[in-house]
Amino acid sequence: AQSVTQLDSHVSVSEGTPVLLRCNYSSSYSPSLFWYVQHPNKGLQLLLKYTSAATLVKGINGFEAEFKKSETSFHLTKPSAHMSDAAEYFCVVSHSGNTGKLIFGQGTTLQVKP
Amino acid sequence: EAGVAQSPRYKIIEKRQSVAFWCNPISGHATLYWYQQILGQGPKLLIQFQNNGVVDDSQLPKDRFSAERLKGVDSTLKIQPAKLEDSAVYLCASSLEGRRATTDTQYFGPGTRLTVL
């Protein structure tokens, strides 16, 4: 069965410093992986997705993630945090069936301090 | 392009009462999903429709939850009777086809926050 584990429930950074949100996955096949962001009182928004093409995936708002099969990881990074990046971030894996079903991690709250 | 619409945005009910949520997906999207997001957790899929047929309802508590998408467009999720543990945000999402997550992005609505007292 597919699953994702987000290693940190809460991450706090200062504005202008790098962001690292960690995610490990478990899958019996080559997975599709995603990062979604959820701002307060707003819907989930897709940041980026890995679909077995390039292992380094670039997303919106300067975020990127690297798929590392040997480490079963898909960590999300950004070189310089902005106050508007404060939100909940979810690492997501697609279900093995061809239905589009998504399996979400527990989420990481990113706090950005001025 | 209009996004996924949901109503109401907030609902407070007593336990054992019933409640219904409404979702209107993005125009032309064949697939519609209902997720439950309990505080501090990631969303969990309750039910997935492809047009007006059910693709996956394996995690829907069918003794109290029901959902329909009669005309293959908007959808209603109902809880009857509600329990305290049903307090959560109910998210609706839609995608163009729903067959391949790799190429078929899911777009989420703002959610309905349900509080059961």
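Fair warning: this is a prediction, and the values are worked out from it, not measured in the lab. (Residues numbered from 1 in each chain as written. Chains lettered and ligands numbered in written order. Predicted model: local features only at pLDDT ≥ 70, side-chain atom pairs only at ≥ 80, totals over all residues. Heavy atoms only, no water.)

1. Here we look at the overall build of chain B
Then, in step 1: Helix and strand counts for chain B stand at 0 helices and 11 strands.
Then, in step 2: In chain B, the succession of α and β elements from N to C terminus is β-β-β-β-β-β-β-β-β-β-β.
Then, in step 3: Computed over the C-alpha atoms, the radius of gyration of chain B is 13 Å, within 12% of the 13 Å expected from 2.2 N^0.38 for a compact globule of 117 residues.
Then, in step 4: A principal-axis box enclosing the C-alpha atoms of chain B has dimensions of 40 × 25 × 25 Å.
Then, in step 5: With 117 residues in all, chain B has 48% of them scored as buried. (Helix = DSSP H or I, 4+ residues; strand = E, 2+ residues; numbered from the N terminus. Rg over C-alpha atoms; globule rule 2.2 N^0.38 Å. Buried < 20%, exposed > 50% of the residue type's maximum accessible area, 1.4 Å probe, protein only.)

2. Points about the interface of chain B and chain A
Then, in step 1: Taken residue by residue, the interface counts 28 residues in chain B and 21 residues in chain A.
Then, in step 2: For the pairing of chain B and chain A, the buried interface totals around 1,800 Å² over both sides, and the portion due to carbon and sulfur atoms is 49%.
Then, in step 3: Residue B:Asp56 pairs with A:Lys101 through a salt bridge whose shortest N-O separation is 3.6 Å.
Then, in step 4: Across the contact surface, chain B and chain A share 3 residue pairs in polar contact (both at pLDDT 80 or more). (Contact = heavy atoms within 4.5 Å. Buried area = accessible area lost by both parts, 1.4 Å probe. Salt bridge = Lys/Arg side-chain N within 4 Å of Asp/Glu carboxyl O. Polar contact = N/O pair within 3.5 Å; in protein donor to acceptor, adjacent residues only side chain to side chain.)

3. Quick word on the packing of aromatic side chains
For any pair of aromatic rings, the description rests on two quantities: the centre-to-centre distance and the angle between the ring planes.
Then, in step 1: Going through the model one piece at a time under the given rule, you end up with 13 aromatic pairs over all chains.
Then, in step 2: For the ring pair A:Phe104 and B:Tyr35, a centre distance of 5.7 Å and an interplane angle of 80° mean the geometry is edge-to-face. Taken together, the residues A:Phe104 in strand 11 (residues 102–104) and B:Tyr35 in strand 4 (residues 31–37) connect one chain to another. Both residues of the pair, A:Phe104 and B:Tyr35, count as buried.
Then, in step 3: Summarising the aromatic geometry, the rings of B:Phe65 and B:Tyr90 are spaced 6.4 Å apart at their centres and angled 40° between planes, so their arrangement reads as tilted. Linking B:Phe65 in strand 7 (residues 65–68) with B:Tyr90 in strand 9 (residues 88–95), this pair joins segments that are 25 residues apart in sequence.
Then, in step 4: The exposure class assigned to B:Phe65 is buried, which follows from its relative accessible area of 4%. (Phe/Tyr/Trp six-rings, centres within 6.5 Å; stacked < 30°, edge-to-face > 60°.)

4. What to know about the state of the cysteines
Residue and element names in this part refer to chain A.
Then, in step 1: For the structure on display, the rule yields 2 disulfides over all chains.
Then, in step 2: Between the sulfur atoms of Cys-23 and its disulfide partner Cys-91 the distance amounts to 2.0 Å. When the S-S torsion is -70°, as for the bridge of Cys-23 with Cys-91, the disulfide is left-handed. Of the two residues, Cys-23 is situated in strand 4 (residues 23–26) and Cys-91 in strand 10 (residues 87–94); the sequence distance between them amounts to 68 residues. There is no split in this pair, since Cys-23 and Cys-91 are both buried. (Disulfide = S-S within 2.5 Å.)

5. Observations regarding the layout of surface pockets
Then, in step 1: Each pocket or cavity is described by its volume, and for the largest pocket that value is around 490 Å³.
Then, in step 2: Lining the largest pocket are 26 residues, with A:Gln38, B:Gln37, B:Leu39, B:Val89 and B:Arg113 sitting closest to its centre.
Then, in step 3: When residues of the lining of the largest pocket are traced back to their parent elements, those giving at least two are strand 10 of chain A together with strand 9 and strand 11 (112–116) of chain B.
Then, in step 4: Grouping the constituent residues of the lining of the largest pocket by class yields 11 nonpolar, 11 polar and 4 charged. (1 Å grid on protein atoms, 1.4 Å probe; cavity = no way out; pocket = protein on both sides within 12 Å on 5 of 7 lines; lining within 4 Å. Points joined across faces, edges and corners; volume = space filled by probe spheres on them. Nonpolar A, V, L, I, M, F, W, Y, C, P; charged D, E, K, R; others polar.)

6. So, the sheet that holds strand 3 (residues 19–24) of chain B
Residue and element names in this part refer to chain B.
Then, in step 1: Strand order in the open sheet formed by 4 strands is 1-3-8-7, with antiparallel pairing between adjacent strands. Because the sheet does not close on itself, it has two edges, and the strands there are strand 1 (5–7) and strand 7. Within this sheet the neighbouring strands show an average axis-to-axis angle of 15°, counted without direction. (Pairing = 2+ DSSP bridges. Axes fitted to C-alpha atoms, helices over the stretch in contact; angles between N-to-C directions.)

7. A few points about the confidence of the model for chain A
Detailed reading of the predicted coordinates is not advisable wherever pLDDT is low.
Then, in step 1: Scored by pLDDT, chain A has a mean of 91; 96% of the residues are at 70 or more.
Then, in step 2: Per-element confidence in chain A is highest for strand 3 (residues 19–21) of chain A, whose mean pLDDT is 98, and lowest for strand 11 of chain A, whose mean pLDDT is 91. (pLDDT = per-residue confidence, 0-100.)

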